[in-house]
Amino acid sequence: MRASNYLPLLFVFILLASSCRSISGLVNGAGRVVDGSAFAEKTIKTYKSTDKTVSFRLVSLKDGGRQCVFSLNKLPFIQFYGTEPDETGLFFVTRAHFLFSNSGGWLEGDIDASGMGLIVTPGVQAEFSLQAPVNLTEVKQGGIKRYDRRLYGDRALAELRGREGRIQLVTEWMREWFPPATLATQHDFENYWRPILLPETVSKKLRPPRYDELNAAQNGNAEYSYGEGIKWNTAYTRELFPEHLQQFRDSGSLLRDWEEAVSWFYMDYYWNIIIRDLYEKHYLT
């Protein structure tokens with residue numbers, strides 16, 4: 001099935017947004033900085049864009065070095081680190097630090113990154129823009145808090161890298177199935193995609209019509225798979241997903257990834273649009 005069969009859902013979910021409980025709203029802000037960088041750096045200067053979309057800082061480190069840090073208002077869960085701008089304002093992105101909160105805890109870590117940006121101060125205002133796209137590669141360190149349990153080291157790294165790979169596979173399919181045109185809010189993203197990906201977890205009135213059609217067509221003989229306490233309709237899975245993604249849904253792995261890191265899905269799905277917007281000049285004060 002293509003996205004056109006589900007498009008009416010988008011309008012329903014926007015109307016019902018105020019009554020839907022967003023996973024991203026159930027946050028636990030008790031994350032910690034796993035590499036201690038927040039305590040090792042001192043802000044020298046801060047710039048904020050006049051349209052309130054970009055924040056840029058120049059910071060000093062304990063070893064005497066300097067680096068830059070920038071973040072986006074629409075992606076409050078990730079910060080990008082780079083070299084100190086040179087005399088022309090040019091800097092190179094080196095890593096990204098993320099903190100994805102959820103109802104039971106958080107996921108935090110660093111991802112290796114590359115890219116190039118420019119910040120110049122011709123007058124009262126500074127001008128910020130990307131000169132080369134920011135590319136994220138692989139998680140290099142991190143930690144996880146899941147209720148009263150915390151994971152660090154190799155075990156956390158393996159889990160974060162596995163999740164990163166699964167999310168990238170799913171969002172690649174999502175973009176092919178329904179290509180994003182503009183950046184929506186995370187709230188609207190969740191309310192549109194969760195009923196499509198995980199209809200068993202929402203009320204019947206929010207489910208795609210096709211899900212109920214498949215249930216009815218099987219006359220009570222539907223095949224199910226069990227995972228994460230949910231009974232998944234495998235006929236729906238097979239119709240929705242390509243074969244290499246079906247096990248993610250039927251095992252409950254997709255549900256776990258969504259509930260613990262929905263912001264990661266959101267960021268990855270819209271990544272190209274986010275980078276495109278950063279190529280435009282942003283004026284900072």
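Conventions adopted
- Residues numbered from 1 in each chain as written.
- Predicted model: local features only at pLDDT ≥ 70, side-chain atom pairs only at ≥ 80, totals over all residues.
- Heavy atoms only, no water.
- Helix = DSSP H or I, 4+ residues; strand = E, 2+ residues; numbered from the N terminus.
- Contact = heavy atoms within 4.5 Å.
- Areas by Shrake-Rupley, 256 points an atom, 1.4 Å probe, with all protein chains shown as cover.
- Polar contact = N/O pair within 3.5 Å; in protein donor to acceptor, adjacent residues only side chain to side chain.
- Axes fitted to C-alpha atoms, helices over the stretch in contact; angles between N-to-C directions.
- Parallel < 35°, antiparallel > 145°, perpendicular 65-115°, else oblique.
- Left-handed = near helix turned anticlockwise from the far one by under 90°.
- Nonpolar A, V, L, I, M, F, W, Y, C, P; charged D, E, K, R; others polar.
- Salt bridge = Lys/Arg side-chain N within 4 Å of Asp/Glu carboxyl O.
- Buried < 20%, exposed > 50% of the residue type's maximum accessible area, 1.4 Å probe, protein only.
- pLDDT = per-residue confidence, 0-100.
- Pairing = 2+ DSSP bridges.

## Description of the overall build of the chain
So, point 1. The helix and strand tally for the chain stands at nine helices and 11 strands.
So, point 2. Restricting to contacts in the chain with at least 6 residues of sequence separation, those with at least 24 account for 57%.
So, point 3. Looking at the chain as shown, the accessible area adds up to about 13900 Å², and 51% of this sits on carbon and sulfur atoms.

## Here's the deal with the side chain of Arg95
So, point 1. Position of Arg95 among the secondary structure elements: in strand E5 (residues 90–102).
So, point 2. Separated by 3.0 Å, the side chains of Arg95 and Asp110 make a polar contact.

## Thoughts on the side chain of His97
So, point 1. Topologically, His97 is positioned in strand E5.
So, point 2. A distance of 2.8 Å separates polar atoms of two side chains, one belonging to His97 and the other to Glu108.

## Describing the packing of helix H3 (residues 153–177) against helix H8 (residues 253–269)
So, point 1. Where H3 meets H8, the closest approach of the two axes is 9 Å, and the angle between their N-to-C directions is 65°. In terms of their interaxial angle, H3 and H8 are classed as roughly perpendicular. In this structure, H3 crosses over H8, and the sense of that crossing is right-handed. Facing Leu160, Arg163, Glu164, Arg166, Ile167, Gln168, Val170, Thr171, Met174 and Arg175 of H3, the residues of H8 in contact are Ser253, Leu254, Arg256, Asp257, Glu260, Ala261, Trp264, Phe265, Asp268 and Tyr269.
So, point 2. By residue class, the composition of the contact of H3 with H8 is nine nonpolar, three polar and eight charged.

## Considering the pattern of salt bridges
Oppositely charged side chains may form a pair once their charged atoms are brought near each other.
So, point 1. Under the criterion given, the structure shown has 20 salt bridges.
So, point 2. With its nearest N and O atoms 2.7 Å apart, the salt bridge here joins Asp257 to Arg166. With Asp257 in helix H8 and Arg166 in helix H3, this pair connects stretches of sequence that are 91 residues apart.
So, point 3. Looking at Arg166, the relative accessible area reads 21%, which means it is partly exposed.
So, point 4. One salt bridge in this structure joins Arg256 and Glu228, with 3.3 Å as the shortest N-O distance. Of this pair, Arg256 sits in helix H8 while Glu228 sits in the loop between strand E9 (224–227) and strand E10 (230–233), placing them 28 residues apart in sequence.
So, point 5. Classification of Arg256 by relative accessible area gives partly exposed; the value is 31%.

## A closer look at the confidence of the model for the chain
So, point 1. The predicted model of the chain has a mean per-residue pLDDT of 87, with 85% of residues at 70 or higher.
So, point 2. Model confidence for the chain, summarised as mean pLDDT per element, is weakest for helix H1 (residues 7–15) at 44 and strongest for H8 at 98.
So, point 3. In the model, residues 10–35 has pLDDT below 50 throughout and makes 52 contacts with residues more than four positions away in sequence or in other chains.

## Brief notes about unusual backbone geometry
So, point 1. Its identity is not glycine, yet Tyr147 carries a phi of approximately 60°, on the positive side.
So, point 2. Mapped onto the elements, Tyr147 comes out in the loop between strand E7 (126–146) and strand E8 (149–151).
So, point 3. A positive phi angle, near 55°, is found at Glu228, a position not held by glycine.

## Focus: the pairing of E9
The two faces of the sheet receive side chains in turn, since in a regular strand these alternate between them.
So, point 1. Judged from the four bridges that link them, E9 and E10 form a sheet pairing that is antiparallel. Residue pairing across strands places Gly227 opposite Ile230, the latter belonging to E10.
So, point 2. Count of turn residues in the E9/E10 antiparallel hairpin: two residues, of which Glu228 carries a positive phi of about 55°.

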